[in-house]
Amino acid sequence: MRKGLFLSKAVVVTCVVAAIGAAATIIALSVVYAQEKSKNEMTLQSTDSPTTSPTSPTTPSTPKEPWQRYRLPESLAPISYNVTLWPRLEPDADNLFIFTGHSTVVFRCVKETELLLIHSNKLILTSFEGYFAKLRGLSGAAAPSLKDTWLEIPTQYLVVQLNSPLQAGSTYELYTEFVGELADDLGGFYRSEYIEDGMTRVVATTQMQPTDARKAFPCFDEPAMKAVFHMTLIHPHETVALSNSMNYDPVNITMNGHNLIRTSFEPTEIMSTYLLAFVVSDFKFISMPPNADIRIWARRKAIEEGQGAYALEKTGSILAFFEDYYNSSYPLTKSDQIALPDFSAGAMENWGLITYRETALLYNPGVSSNGDKEWVAIVISHELAHMWFGNLVTTRWWNDLWLNEGFATYVSYLGANFAEPTWNMKDLIVLNQIIGVMSVDALASSHPLSSKEEDVLTPEHISELFDTITYSKVWPQLKHDKYCIICLQTYLEEFKYNNTVYTDLWKHLQMAVEKANIKLPHSVEVIMNRWILQMGFPVVTINTQTGEITQKHFLLDPDSVVDRPSEFNYEWFVPITWIKNVGDEQQYWLLKKEATNTNMTLVGANDWLVANMNTKGFYRVNYDSDNWERLLAKLSSRHLDIPVINRAQLIDDAFNLARAKMVSTTLALRTTKFLDKELEYMPWETAKRNMNYFYLMFDRSEVYGPMQAYWKKQVTPLFNHFKEITVNWTKIPENHNDQYNQVNAISMACSTGVEGCEALTTGWFKEWQDNPANNTISPNLKYTVYCSAIAAGGEKEWDFAWSMFKNATIATEADKLMSALSCTKEPWLLNRYLGYCLDPKKIRKQDATSTIISIASNPIGQPLAWDFIRDKWDHIFNNYGGGSFSFGGLISGLTQRFSYEFEYKQLLQFKEDNAGQFGSAATSLEQALERTKANMNWVALNNKEVFDWFTSEAPIPN
């Protein structure tokens, strides 16, 4: 049989439908633009009479042609852009929201070339005498005549062929006019809508990272192609325009019979296209002397209600912290931060105009929880950290995204800790970042932090990098504050306004190490390469009887096949820290697969050793069985002798080692027995997260009953403790982490049936139902109460919560209700809710995938959500951002409970049926398959042992 391409009927139909839809939009935009051009009075840079032409078909070419490659040639370098955009905030006769604009880019020719490539995506370009652009020489340079122009759709280029070459060293400018759709797709220049005072209001806003600036105007859309931007926005009266730099005085103008405002902005600093931002809205702002250059923008009512006050208060102090930390003044003249009703990510570090989801910037003390408050502080700190590390100095290509994001994640906790010193944020980074990323990085389908540039090319490949490994893995490697701070300061000074690769930072780190006379076993680069150029991390096994230490690549599924080669053979240089019997901390570098350190041997009968102090290193620790028993005995007798972070770490290591078949599952379960005496948040939260895996695997089996009985026994003392210190739930604990643990106590008590818990939560919820205008439920407890009451109730409770969700004016309150609605045990309500997820008038597009994941986390909702997604995948992929940052989370969330053979086969079939239709979720799909296979094996091996252990620890009365 001859080899060829086979497409199933479903795939063909899907492709045809998608193509027709795209063509219809292009034709509609072309017609709209032709109409606009006949009326448009925007000043052009030519007296030619342009005509509009729809997108031309891709010119046939061989794979070797430059326009078929995803990376720009190095022949041209942009200097500046002058961009004017006019977004229409009302639909036209075809019910389309559009924007029109023109752009001039000034560029320098670096290498002689007869080809000009510039990114353009989903824009309809005006044709001038048959060409999509005009070229002019500057400073005496003669511009070659144009030979041909076309749009290369797969690689998103405007291709300009010339009759003679551009000359190296000469400067030119390229002019284009265009129209685009102001769609609600959350990418590029897009539309956000909200309802206020009964009226639908429209915001024109942006999200350029990583590759969507090209959807707003033609540009050299790569991080290294830095330039200065001169922006102008045309917008209606009673709206305000914002961009990266401060605006000049707005000017009243008349265009096409409309009275409008033209707002131009000061030139930006030299910067990358992905950091560009502009917004047109009717928002208000607050500012406060002496930081009048710091402004918090949001919906008018949100500002009037004071929801931006906390962000304003903390932005100034966090900026001051980073100015001191980096030893560098804030690089810009203003800092605008704006909360958007629709936004795909948590926030975006646009230089001078940071965009946020409302939940990441707005805080209402009477309604929002301490977790909401912490999230605002963390996200603001993360984005402000980027103003230097990422914006002032930018990595050359997306393969080094980890350096920008991982570092910002780490220092965001330092900034938040400075702003809120009583919260102990430096410890919470272990829970919020490290524990989560280790579970992903322990898969054979993981990836190294850094890849080769040639391995990260397409927009889909780039979007895949925005994952937990990129954001969370790097911080322990950069945690050596004493000399890291010095190296950052010299690094930023040398490379400001330029681009770098990761080895540039290592050079400065090495300089700081040498200056401080710090002794390392190898150079910084040699040590760090093993952590960033190979995926995963080691498990270090310490034999306290002999002092023998070994390391090996830790895999959650020891039977999985690692097919990604490593030049370092999956060995690391590991900085091991440890204590004995509450003694002084010691350190030892493990530089080989095996070594011996007699200082780690134990002599006394009651001696014990714990390693990786406060989780300073990115590795797991296993011990000989004797030391495990000593540690378990210590936890049972005097658990406070072991530092709190290490108590949490012992639980997390033991459970993960058990999944990897390195210790028994009963040993892992025994690390939770001391919890009936534990009051600290970190050990409880770690145990809760690890036991969540047991619930995912066993909540459909006979293990569920004894497991519930055990956890009811363990959590009852904690529930009673908080009942006592809050004076029967009438006060809020003072300590930040105690507030979190109170939530754990009530949540776990209600879910396991502790006496009095369900009556407590349903009573609070009933009081609210009876008086909807007066919600007296503590903000910290709202989600737990909502979820518990909705789970215990039926249609009446669900419909009440839905009504409150639709009427919520505070984003954090809406988020809690939206998540809690998935807690119902009524299948028909869950199915109805799934349907709501694909109606943007009911659930915003930005929230659709997270809501589906919430429904799937409910054991009753999981099969419903899985069936729903398989049925609607084409629609979801094409309309809800198959290339977006978080799309992979949908696959992960849907499949986390999979542990049966038939589920694995369904997942394989899903992969086959939708080949080529996964975008940024492709990696997540492979991880889901690997995880499902591992779950199947683990359940088969442990089901009886786990059942017997829970039954013996908490027998269920007959």
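Residues numbered from 1 in each chain as written. Predicted model: local features only at pLDDT ≥ 70, side-chain atom pairs only at ≥ 80, totals over all residues. Heavy atoms only, no water.

- By the naming in an unreviewed UniProt entry, the protein goes by Aminopeptidase and is assigned to Cyclopterus lumpus.
- As recorded by UniProt, the Sequence similarities (unreviewed entry) comment attached to the protein reads in full: "Belongs to the peptidase M1 family."
- A UniProt comment under Subcellular location (unreviewed entry) is attached to the protein, and it reads "Cell membrane". (UniProt positions renumbered as here; feature names shortened; annotations may be inferred.)

Some details on the overall build of the protein
Item 1. For the protein, the count of helices and strands is 27 helices and 30 strands.
Item 2. When contacts within the protein are restricted to residue pairs at least 6 apart in sequence, long-range pairs at least 24 apart make up 73% of them.
Item 3. Accessible surface, the protein: about 37500 Å² in total, of which carbon and sulfur atoms supply 52%. (Helix = DSSP H or I, 4+ residues; strand = E, 2+ residues; numbered from the N terminus. Contact = heavy atoms within 4.5 Å. Areas by Shrake-Rupley, 256 points an atom, 1.4 Å probe, with all protein chains shown as cover.)

Digging into the sheet that holds strand β27 (residues 586–590)
Item 1. Spatially, β27-β26-β29 is the arrangement adopted by the three strands of the open sheet, whose pairing is antiparallel. Strands at the two margins of the open sheet, each flanked by one partner only, are β27 and β29 (609–611). For this sheet, the mean angle separating the axes of adjacent strands, direction not counted, is 30 degrees.
Item 2. Of the pairings in the sheet, the one linking strand β26 (residues 574–580) to β27 comprises five bridges and is antiparallel in character. If you follow threonine 577 over to β27, its bridge partner there is glutamine 587. (Pairing = 2+ DSSP bridges. Axes fitted to C-alpha atoms, helices over the stretch in contact; angles between N-to-C directions.)

Quick look at the pattern of salt bridges
Item 1. According to the stated counting rule, one finds 44 salt bridges in the structure shown.
Item 2. Across the pair lysine 301 and aspartate 197 runs a salt bridge, and its minimum N-O distance is 2.9 Å. Of this pair, lysine 301 sits in helix α2 (residues 300–304) while aspartate 197 sits in the loop between β10 (188–196) and β11 (199–207), placing them 104 residues apart in sequence.
Item 3. By relative accessible area, which is 56% here, aspartate 197 ends up exposed.
Item 4. A salt bridge links lysine 661 to aspartate 559, with the nearest nitrogen and oxygen atoms 3.0 Å apart. Linking lysine 661 in the loop between α13 (644–659) and α14 (665–670) with aspartate 559 in the loop between β25 (548–553) and β26, this pair joins segments that are 102 residues apart in sequence.
Item 5. Lysine 661 sits in the partly exposed class, given a relative accessible area of 41%. (Salt bridge = Lys/Arg side-chain N within 4 Å of Asp/Glu carboxyl O. Buried < 20%, exposed > 50% of the residue type's maximum accessible area, 1.4 Å probe, protein only.)

As for the UniProt feature "active site" (unreviewed entry) in the protein
Item 1. If you check UniProt for "active site" (unreviewed entry), the listed places come out as Glu383 in our numbering.
Item 2. Position of glutamate 383 among the secondary structure elements: in helix α4 (residues 370–386).
Item 3. Exposure remark for glutamate 383: the relative accessible area of 5% places this residue in the buried category.
Item 4. Residues within four places of glutamate 383 in sequence aside, it is in contact with Ala347, Met348, Glu349, Ile354 and Tyr356.

Thoughts on the UniProt feature "domain: Aminopeptidase N-like N-terminal" (unreviewed entry) in the protein
Item 1. Those residues carrying the UniProt feature "domain: Aminopeptidase N-like N-terminal" (unreviewed entry) are residues 78–275 in this numbering.
Item 2. Annotated as residues 78–275, this span is 0% helix and 56% strand, and its ends, taken at the C-alpha atoms, are 15 Å apart.

A few points about the side chain of lysine 215
Item 1. Mapped onto the elements, lysine 215 comes out in the loop between β11 and β12 (228–236).
Item 2. Reaching out from lysine 215, the side chain makes a polar contact with the side chain of aspartate 185 at a distance of 2.6 Å.
Item 3. Apart from the residues lying within four places of it in its own chain, the contact partners of lysine 215 are Phe99, Asn121, Lys122, Leu123, Asp185, Gly187 and Gly188. (Polar contact = N/O pair within 3.5 Å; in protein donor to acceptor, adjacent residues only side chain to side chain.)

Describing helix α15 (residues 681–698)
Item 1. When the terminal C-alpha atoms of α15 are compared, their 25 Å separation across 18 residues agrees well with the 26 Å that a helix rising 1.5 Å per residue should span.
Item 2. With respect to burial, α15 is a largely interior element, 15 of its 18 residues being buried. (Expected span 1.5 Å × (residues − 1).)

Points about the nonpolar core
Item 1. Phe322, Tyr326, Tyr623, Phe694, Trp711 and Phe950 are the most contacted members of the largest nonpolar core, which totals 300 residues.
Item 2. Contacts of tryptophan 711, omitting those with residues within four sequence positions, involve Thr672, Leu675, Trp684, Ala687, Met691, Tyr695, Met748, Thr752 and Phe950.
Item 3. Counting five residues, the second-largest nonpolar core is a separate cluster that includes Trp86, Ile234, Ile253 and Leu260. (Core = buried A, V, L, I, M, F, W, Y, C linked by side-chain atoms within 4.5 Å.)

Section: the sheet that holds strand β30 (residues 620–623)
Item 1. Reading across the sheet, the four strands line up as β28-β25-β24-β30 and stay open at both edges, with mixed pairing between neighbours. At either margin of the open sheet sits one strand with a lone partner, and together these are β28 (594–596) and β30. Neighbour-to-neighbour, the strand axes of this sheet turn through a mean angle of 20 degrees, independent of strand direction.
Item 2. Pairing of strand β24 (residues 538–542) with β30 involves four bridges; the strand directions are parallel. Pairing of threonine 541 across the sheet is with asparagine 622, part of β30.

So, the side chain of threonine 409
Item 1. With respect to the secondary-structure elements, threonine 409 resides in helix α5 (residues 401–419).
Item 2. Each residue touching threonine 409, except ones within four places of it in the same chain, is listed here: His382, Ile429, Gln433 and Tyr471.

Structural notes on helix α17 (residues 736–752)
The periodicity of an α-helix, 3.6 residues per turn, causes residues three or four positions apart to be oriented the same way.
Item 1. With 17 residues, α17 extends 25 Å from end C-alpha to end C-alpha; this agrees with the ideal 24 Å at 1.5 Å per step.
Item 2. Burial runs high along α17: 14 of the 17 residues are buried.
Item 3. Capping of α17 at its N-terminal end is provided by asparagine 735; its side-chain oxygen lies 2.8 Å from the backbone amide nitrogen of asparagine 737.
Item 4. A positive backbone phi angle near 85 degrees is found at glycine 753, which sits one or two residues after α17.

Describing the state of the cysteines
Item 1. If you walk through the whole model with that rule in mind, you get two disulfides.
Item 2. Each sulfur of the disulfide joining cysteine 750 and cysteine 757 lies 2.0 Å from the other. Negative torsions about the S-S bond denote left-handed disulfides, and the value of about -90 degrees found for cysteine 750 with cysteine 757 makes this one left-handed. There is no split in this pair, since cysteine 750 and cysteine 757 are both buried.
Item 3. One disulfide in the model links cysteine 787 with cysteine 823; its S-S distance is 2.0 Å. Taking the sign of the S-S torsion, about -100 degrees here, the bridge from cysteine 787 to cysteine 823 comes out left-handed. You can see cysteine 787 sitting in helix α19 (residues 782–792) and its partner cysteine 823 sitting in the loop between α21 (811–820) and α22 (827–836), a full 36 residues away along the chain.
Item 4. Since its relative accessible area comes to 19%, cysteine 787 is described here as buried.
Item 5. In this structure cysteine 823 comes out as buried when scored by relative accessible area, which is 12%.
Item 6. Along the protein, the cysteines engaged in disulfide bonds are linked according to the scheme 1-2, 3-4 when indexed in sequence order.
Item 7. The cysteine cysteine 219 is free of any disulfide, with cysteine 109 supplying the nearest cysteine sulfur at 19 Å. (Disulfide = S-S within 2.5 Å.)

What about the packing of aromatic side chains?
Item 1. Tallied over the full model, the rule gives 66 aromatic pairs.
Item 2. On the basis of an interplanar angle of 65 degrees and a centroid distance of 5.2 Å, the ring pair of phenylalanine 321 and phenylalanine 322 is categorised as edge-to-face.
Item 3. Arranged with centres 6.1 Å apart and planes meeting at 70 degrees, the rings of tyrosine 502 and tryptophan 506 form a pair that is edge-to-face. In this pair, tyrosine 502 and tryptophan 506 both sit in helix α10 (residues 502–515), four residues apart, roughly one turn of the helix. Each member of the pair, tyrosine 502 as well as tryptophan 506, carries the same accessibility label: buried.
Item 4. Against the face of tryptophan 397 rests arginine 71, its NZ or CZ located 3.6 Å from the ring centre. (Phe/Tyr/Trp six-rings, centres within 6.5 Å; stacked < 30°, edge-to-face > 60°. Lys NZ or Arg CZ within 6 Å of the ring centre and 35° of its normal.)

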